[in-house]
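Analysis of the macromolecular model
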Amino acid sequence: AKDEGGGVHCEYEPSLHATAEEKRQLEFSLRTALENDEMMLHFQPVVDAKTEEVVSFEALARWNSKVHGFVSPAKFIPIAEDTRLIVPIGTWVMNEACREAATNWPEHVKVNVNVSPEQLLEPDFAGTVVRALSHSGLSANRLEIEVTESIFMRDAGVVRKALEQCLALGCSVALDDFGTGYSSLGYLRKLEFTTIKVDRMFVQGAAQDSPESLAIIRAVVAMADSLGMTTTAEGVENQEEADLIRRLGCTKIQGYHFGRPMPAADARKIFSRGALKSA
Ligand code: C2E
Ligand code: CA
Ligand code: CA
Ligand code: CA
């Protein structure tokens, strides 16, 4: 919808934003979350738009705090980023995700790992990736690193070098939440992204017949095609949306319709069962 500022409508969910006092308490607990074994990963399937076969799982961090109970990543990830705790947490996520994929998944299934700008600004981010791959035995072409446009607000040289090292290793790099930030098409020239992830906002808009959202998805797909990138539509929640996205030509689909984020043990069952929908 066209609204204030003429841009794309952006949701503000106050409940997701912690107050200063809450933040302080969460930060205190977050410092010991890893050593207290409070972090785990959930995995959400990404399917091929045409065949609906699982091609990847996105690793999503989950924090079950002994003090605060379950805390949403929308709340704790920004705190982890502000305090740089995202560096050790992110390394843990990278190691866990690679280990799970290498140990328990078929070889054609990749793993997607979210990486924050703070991690990419570390002097040895590529080293962290190399170690996660070698410790787990995962081949580099099964790891896709997801970054958002926010990386370009930071020291572009350092960030770009880190991601180029990952590409040189054989990893893929996806541009996440495309269209929600301070998007500039120029960003697509700065790095050879493998995938553009089209944010749920546009999927929802398109499903509600928003001409702008439809046009944006069409344009992103056309642009990705000509740049040799694939597209993943995020947040597809029902059959209608899946059909629409398929018609619009996105390569891959992710969303509740094909599977919610789930514990590792449940993700493994998808392979032994051979199909997603017989759940
Ligand atoms: P994201 O990377 O955009 O991840 C997708 C989010 O959309 C996930 O939320 C997922 O549960 C949700 N989602 C997936 N399909 C649907 C759908 O069909 N409908 C709706 N309404 N939502 C859907 P989640 O797990 O709460 O994560 C939120 C954000 O937290 C992630 O957004 C990502 O930015 C961040 N995050 C999560 N884990 C990590 C991590 O390990 N490292 C970093 N740096 N960030 C992470
Ligand atoms: Ca992501
Ligand atoms: Ca996303
Ligand atoms: Ca998002």
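What comes next concerns the included structure. Because the structure is predicted, anything quoted here is derived from the model rather than measured.

**Some words on the coordination of the calcium ion (ligand 2)**
Tetrahedral metal sites with four donors have an ideal angle of 109.5 degrees; octahedral sites with six donors have ideal angles of 90 or 180 degrees. All of the protein donors around the calcium ion (ligand 2) are Glu58 (OE), Asn114 (OD1), Glu146 (OE) and Asp176 (OD); their distances to the metal are 2.1 to 2.3 Å. Counting the intervening residues between successive donors of the calcium ion (ligand 2) yields the motif E-x55-N-x31-E-x29-D. For the pair the calcium ion (ligand 2) and the calcium ion (ligand 3), the metal-to-metal distance amounts to 3.9 Å, and Asp176 bridges them. Here Glu58 is found in strand E2 (residues 54-65), whereas its partner Asp176 is found in strand E6 (residues 172-178), with 118 residues between them in sequence. Neither Glu58 nor Asp176 differs from the other in exposure class; each is buried.

**Quick notes on the packing of helix H1 (residues 20-30) against helix H2 (residues 73-82)**
Packing of H1 against H2 leaves a shortest axis separation of 10 Å and a crossing angle of 75°. Between H1 and H2, the angle is such that the two are roughly perpendicular. Together, Glu22, Lys23, Leu26, Glu27 and Leu30 of H1 and Lys75, Phe76, Ile79 and Ala80 of H2 make up the contact between the two elements. A breakdown of the residues in the contact of H1 with H2 according to their chemical character gives five nonpolar, no polar and four charged.

**Re the site of ligand 1**
Near ligand 1 there are 21 residues, and of these Gln44, Arg62, Ser116, Glu237 and Tyr256 occur at the shortest range. Here an oxygen atom of ligand 1 sits 3.2 Å away from a polar atom, N or O, in the side chain of Asp177. In isolation ligand 1 has 800 Å² of accessible area, and contact with the protein removes 81% of it. Looking at which element gives the most residues to the shell around ligand 1, the answer is E2, with four residues. Residues of the shell around ligand 1, tallied by class, amount to nine nonpolar, five polar and seven charged.

**Quick word on the coordination of the calcium ion (ligand 4)**
The coordination sphere of the calcium ion (ligand 4) contains the protein donors Asp177 (OD) and Asp177 (OD), at a distance range of 2.9 to 3.1 Å. A gap of 3.6 Å separates the calcium ion (ligand 4) and the calcium ion (ligand 3), which Asp177 links by coordinating each metal. Along the polypeptide, Asp177 turns up in strand E6.

**Concerning helix H10 (residues 239-248)**
Of all the residues in H10, the buried ones are Glu241, Ala242, Leu244, Ile245 and Leu248. Down the axis of H10, the sector holding all buried residues measures 165°, keeping them to one side. Turned more than 90 degrees away from the buried face of H10 sit Glu240 and Arg247, all of them exposed. Where H10 is buried, its residues contact helix H8 (200-207), helix H9 (211-227), strand E8 (230-233) and strand E9 (252-254). Capping of H10 at its N-terminal end is provided by Asn238; its side-chain oxygen lies 3.3 Å from the backbone amide nitrogen of Glu240.

**As for the packing of aromatic side chains**
For the structure shown, the criterion picks out seven aromatic pairs. Ring geometry for Trp63 versus Phe76: centroids 5.7 Å apart, planes at 80°, classification edge-to-face. Of this pair, Trp63 sits in strand E2 while Phe76 sits in helix H2, and the two are 13 residues apart along the sequence. Judged by relative accessible area, Phe76 falls into the buried class, the value being 0%. Among the aromatic side chains, those forming a connected cluster through ring pairs are Phe43, Phe57, Trp105 and Phe271. For Arg260, the ring lying beneath its charged end belongs to Tyr256, and the centroid distance is 3.8 Å.

Definitions and limits used
- Residues numbered from 1 in each chain as written.
- Chains lettered and ligands numbered in written order.
- Predicted model: local features only at pLDDT ≥ 70, side-chain atom pairs only at ≥ 80, totals over all residues.
- Heavy atoms only, no water.
- Donors = N, O, S within 2.8 Å, 3.2 Å for Na, K, Ca; no water.
- Helix = DSSP H or I, 4+ residues; strand = E, 2+ residues; numbered from the N terminus.
- Buried < 20%, exposed > 50% of the residue type's maximum accessible area, 1.4 Å probe, protein only.
- Axes fitted to C-alpha atoms, helices over the stretch in contact; angles between N-to-C directions.
- Parallel < 35°, antiparallel > 145°, perpendicular 65-115°, else oblique.
- Contact = heavy atoms within 4.5 Å.
- Nonpolar A, V, L, I, M, F, W, Y, C, P; charged D, E, K, R; others polar.
- Near = heavy atom within 4 Å.
- Polar contact = N/O pair within 3.5 Å; in protein donor to acceptor, adjacent residues only side chain to side chain.
- Areas by Shrake-Rupley, 256 points an atom, 1.4 Å probe, with all protein chains shown as cover.
- Arc of directions from axis to C-beta.
- Phe/Tyr/Trp six-rings, centres within 6.5 Å; stacked < 30°, edge-to-face > 60°.
- Lys NZ or Arg CZ within 6 Å of the ring centre and 35° of its normal.

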